[in-house]
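Working through the structure, step by step
The lines below spell out each chain.
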Amino acid sequence: MRPKRRGFDPSRFTHSGESQLVIGFFLLLYLVGGGLIWFFYGPNAALLGVICMTGGLLFFLLLYGLVWLIGYWAGE
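Everything in this summary refers to the structure shown in the same document. (Residues numbered from 1 in each chain as written. Predicted model: local features only at pLDDT ≥ 70, side-chain atom pairs only at ≥ 80, totals over all residues. Heavy atoms only, no water.)

**Some thoughts on the overall build of the protein**
Within the protein one finds two helices and zero strands. Its C-alpha atoms give the protein a radius of gyration of 18 Å, clearly above 11 Å, the size a compact globule of 76 residues would have. Its C-alpha atoms give the protein principal-axis dimensions of about 55 × 40 × 15 Å. Here the protein, with 76 residues, has 9% of them falling under the buried criterion. Within the structure as shown, the protein displays about 7000 Å² of accessible surface, and the carbon and sulfur contribution to it stands at 74%. (Helix = DSSP H or I, 4+ residues; strand = E, 2+ residues; numbered from the N terminus. Rg over C-alpha atoms; globule rule 2.2 N^0.38 Å. Buried < 20%, exposed > 50% of the residue type's maximum accessible area, 1.4 Å probe, protein only. Areas by Shrake-Rupley, 256 points an atom, 1.4 Å probe, with all protein chains shown as cover.)

**Some thoughts on the packing of aromatic side chains**
This structure, assessed with the given rule, holds five aromatic pairs. Here the aromatic rings of Phe25 and Phe26 are separated by 5.0 Å at their centres, their planes lie at 75°, and the arrangement is edge-to-face. By relative accessible area, which is 12% here, Phe26 ends up buried. Considering the side-chain rings of Phe39 and Phe40, the 5.1 Å spacing of their centres and the 80° angle between planes classify their relative orientation as edge-to-face. Each member of the pair, Phe39 as well as Phe40, carries the same accessibility label: exposed. An aromatic cluster is present here, built from Phe25, Phe26, Phe60 and Tyr64 joined pairwise through their rings. (Phe/Tyr/Trp six-rings, centres within 6.5 Å; stacked < 30°, edge-to-face > 60°.)

**Considerations on the layout of surface pockets**
The calculated volume of the largest pocket comes to roughly 250 Å³. In terms of lining, the largest pocket is formed by His15, Glu18, Tyr64, Val67, Trp68, Gly71, Tyr72 and Glu76. Listed by contribution, the elements that provide at least two residues to the lining of the largest pocket are α1 (10-41) and α2 (43-74). In terms of residue count, α2 provides more of the lining of the largest pocket than any other element does, five residues in total. (1 Å grid on protein atoms, 1.4 Å probe; cavity = no way out; pocket = protein on both sides within 12 Å on 5 of 7 lines; lining within 4 Å. Points joined across faces, edges and corners; volume = space filled by probe spheres on them.)

**Some thoughts on a nonpolar patch on the surface**
Among the surface-exposed residues, Ile23, Leu27, Leu28, Leu31, Val32, Leu36, Phe39, Phe40 and Tyr41 lie close enough to one another that they form a single nonpolar patch of about 1100 Å² accessible area. Mapped onto the elements of the fold, Ile23 is located in helix α1. The exposed category is assigned to Ile23, whose relative accessible area is 53%. (Patch = residues over 30% accessible without salt bridge, like charges linked within 9 Å, V, L, I, M, F, W, Y side chains within 5 Å. Salt bridge = Lys/Arg side-chain N within 4 Å of Asp/Glu carboxyl O.)

**Quick notes on α1**
Helix length check: α1, at 32 residues, gives a terminal C-alpha distance of 45 Å against a target of 46 Å (1.5 Å per residue), a fit within 8%. The first or second residue beyond α1 is Gly42, which carries a positive phi of 105°. (Expected span 1.5 Å × (residues − 1).)

Written out as structure tokens, the structure reads:
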């Protein structure tokens, strides 16, 4: 017997869509951006680019965590 399907949940869809967009953005940034840096400037510059991109990722995660924490405290 098949389990009963849940209906469409817009908030779950929004959260999953947001996370997929953010993950896709950073994957493109690392793969395409890092690859182009490697191609034009070489491996040392690509390593520095990856370090800088990782710093941006950590800054994004910090801001996202703060916004999530404020939303949690507000009861949303």
